[in-house]
Amino acid sequence: MSISPAPSSPESEHPPPTPAQLRSAAETFSLLASPVRLQLMWLITHDSYDVSTLATHVGISIATVSQHLGKLRLAGLITARRDGRRMLYAVEDPHVITLIRQIFDHIAPDGSLAPDPPA
């Protein structure tokens, strides 16, 4: 009698996260726990913007937007490039773009959980 291999499990396809990964993920989610930062992230996953335009869209001061952008940049969630005298902020990491898009696909406009699309 032969022993068949164990069925595939999520652990075999995706090893459990390391302590460093768990810390980094928690820090990222903590950083994104701010509605203002989430709005900024949503905006710049769709296009590149300068700080003044972002401040207008979000309805807060340029200084406050700059502080939020600085934190997002230090965390590696956004990039900045110079365009003449302006700095343009963007999200270039496809994983971050997917994360932001999926969270807003998951939440309905009224704040409730959105139903799953029909299969």
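Residues numbered from 1 in each chain as written. Predicted model: local features only at pLDDT ≥ 70, side-chain atom pairs only at ≥ 80, totals over all residues. Heavy atoms only, no water.

Draft legend 1. Quick peek at the pairing of strand E2 (residues 86–90). By the bridge criterion, 5 bridges tie strand E1 (residues 79–83) to E2 in an arrangement that is antiparallel. Across the sheet, residue Arg81 finds its bridge partner in E2, namely Leu88. The hairpin turn running from E1 into E2, its antiparallel successor, is 2 residues long, and Gly84 in that turn takes a positive phi close to 70°. (Pairing = 2+ DSSP bridges. Helix = DSSP H or I, 4+ residues; strand = E, 2+ residues; numbered from the N terminus.)

Draft legend 2. Representation of helix H3 (residues 35–46). Counted at 1.5 Å a residue, the expected span for H3 with its 12 residues is 16 Å, and the 17 Å between its end C-alpha atoms agrees. Residues of H3 that are buried: Arg37, Leu40, Met41, Leu43, Ile44 and Thr45. Here the buried face of H3 lies against helix H2 (19–31), helix H4 (51–58), helix H5 (62–74), E2 and helix H6 (94–106). (Expected span 1.5 Å × (residues − 1). Buried < 20%, exposed > 50% of the residue type's maximum accessible area, 1.4 Å probe, protein only. Contact = heavy atoms within 4.5 Å.)

Draft legend 3. Looking closely at the pattern of salt bridges. Using the criterion set out here, one finds 2 salt bridges in the structure. The salt bridge involving Asp50 is made with Arg86; its shortest N-O contact spans 2.9 Å. Highlighted residues: Asp50 in the loop between H3 and H4 and Arg86 in strand E2, separated in sequence by 36 residues. For Asp50, a relative accessible area of 11% puts it in the buried group. On the basis of relative accessibility, which here comes to 39%, the residue Arg86 falls in the partly exposed class. In this structure, Asp83 engages Arg86 in a salt bridge whose closest nitrogen and oxygen atoms are separated by 2.9 Å. Given a relative accessible area of 34%, Asp83 falls into the partly exposed group. Because the salt bridges share partners, they merge into one network encompassing Asp50, Asp83 and Arg86. (Salt bridge = Lys/Arg side-chain N within 4 Å of Asp/Glu carboxyl O.)

Draft legend 4. Layout of H5. In this model H5 runs 18 Å from its N-terminal to its C-terminal C-alpha over 13 residues, within 8% of the 18 Å that 1.5 Å per residue would give. Every buried residue of H5 is listed here: Val65, His68, Leu69 and Leu72. Buried residues in H5, looked at end-on, bunch into an arc of 100°, giving them a common side. In this structure, H5 carries Ala63, Gln67 and Leu74 as exposed residues pointing more than 90 degrees from its buried face. Residues of H5 that are buried make contact with H2, H3, H4 and E2. Residue Gly76 follows H5 closely and has a positive phi angle near 80°. (Arc of directions from axis to C-beta.)

Draft legend 5. Representation of the packing of H4 against H5. The geometry of H4 relative to H5 is characterised by a closest axis approach of 9 Å and an angle of 105° between their N-to-C directions. When the axes of H4 and H5 are compared, the pair comes out roughly perpendicular. Where H4 approaches H5, its residues Val51, Ser52, Leu54 and Ala55 are matched on the opposing element by Ile62, Val65, Ser66 and Leu69. (Axes fitted to C-alpha atoms, helices over the stretch in contact; angles between N-to-C directions. Parallel < 35°, antiparallel > 145°, perpendicular 65-115°, else oblique.)

Note that every value here comes from positions in space, so none of it alone points to a role or purpose.
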